[in-house]
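# An overview of the molecular structure
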Amino acid sequence: MDGFNAPGSAGETVVFVAILAVIIGLYVLMRRTYRRWQDQYWERHHANDPVPEEEVVAVPIAEWSLGDPVWVVDGPYAKLKGKVAEVRGSRNLLIVEVDVYGRSTPVELSPEQVLRARS
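Read on for a plain summary of the structure.

Thresholds applied
- Residues numbered from 1 in each chain as written.
- Predicted model: local features only at pLDDT ≥ 70, side-chain atom pairs only at ≥ 80, totals over all residues.
- Heavy atoms only, no water.
- Helix = DSSP H or I, 4+ residues; strand = E, 2+ residues; numbered from the N terminus.
- Buried < 20%, exposed > 50% of the residue type's maximum accessible area, 1.4 Å probe, protein only.
- Contact = heavy atoms within 4.5 Å.
- Pairing = 2+ DSSP bridges.

Among the structural elements, Ser-110 can be located in the loop between β5 (103-109) and β6 (114-117). The buried category is assigned to Ser-110, whose relative accessible area is 18%.

Structure (structure tokens):
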């Protein structure tokens, strides 16, 4: 087999390189688009805006009650808003329900990790 279609010919090599370049280009484009989408999603749904000073008040554990709005200021849930679901005075803990990925999630926090938010 002579000519363009012969196995191992320069023509096959050129076609192979062209197809490989297209595949790599599509992969790079896909990764960039996905990263951009992730960044936009994170900014829309999980923006870490600073807690406004006028919205928080420090409160000892004895003064917490169910349903109090709070800002989490320390730990992995920092800067999320939630509501007190339970007060465990014996262990000096608050159970706060925060919104994580659209679901209400109970989290154990110490009183130092939260500040009362104004309603």
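So much for the structure itself; the text now carries on.
This paragraph deals with the environment of Glu-63. Tracing the sequence through the fold places Glu-63 in the loop between β1 (56-57) and β2 (69-72). In sequence terms Glu-63 and Val-87 are 24 residues apart; their C-alpha atoms lie 9.8 Å from each other. With near-sequence residues (within four places) excluded, Glu-63 lies in contact with Asp-68 and Arg-116.

We now examine the pairing of strand β3 (residues 81-88). Two elements, β2 and β3, share three bridges in a ladder whose sense is antiparallel. Its bridge partner being in β3, Pro-69 is matched across the sheet by Lys-83. One ladder, built from six bridges, connects β3 with strand β4 (residues 93-100); its direction is antiparallel. In the sheet register, Arg-88 faces β4, and the bridge partner there is Leu-93. In sequence, β3 turns back onto β4 through a hairpin of four residues, with Asn-92 there showing a positive phi of about 60°.

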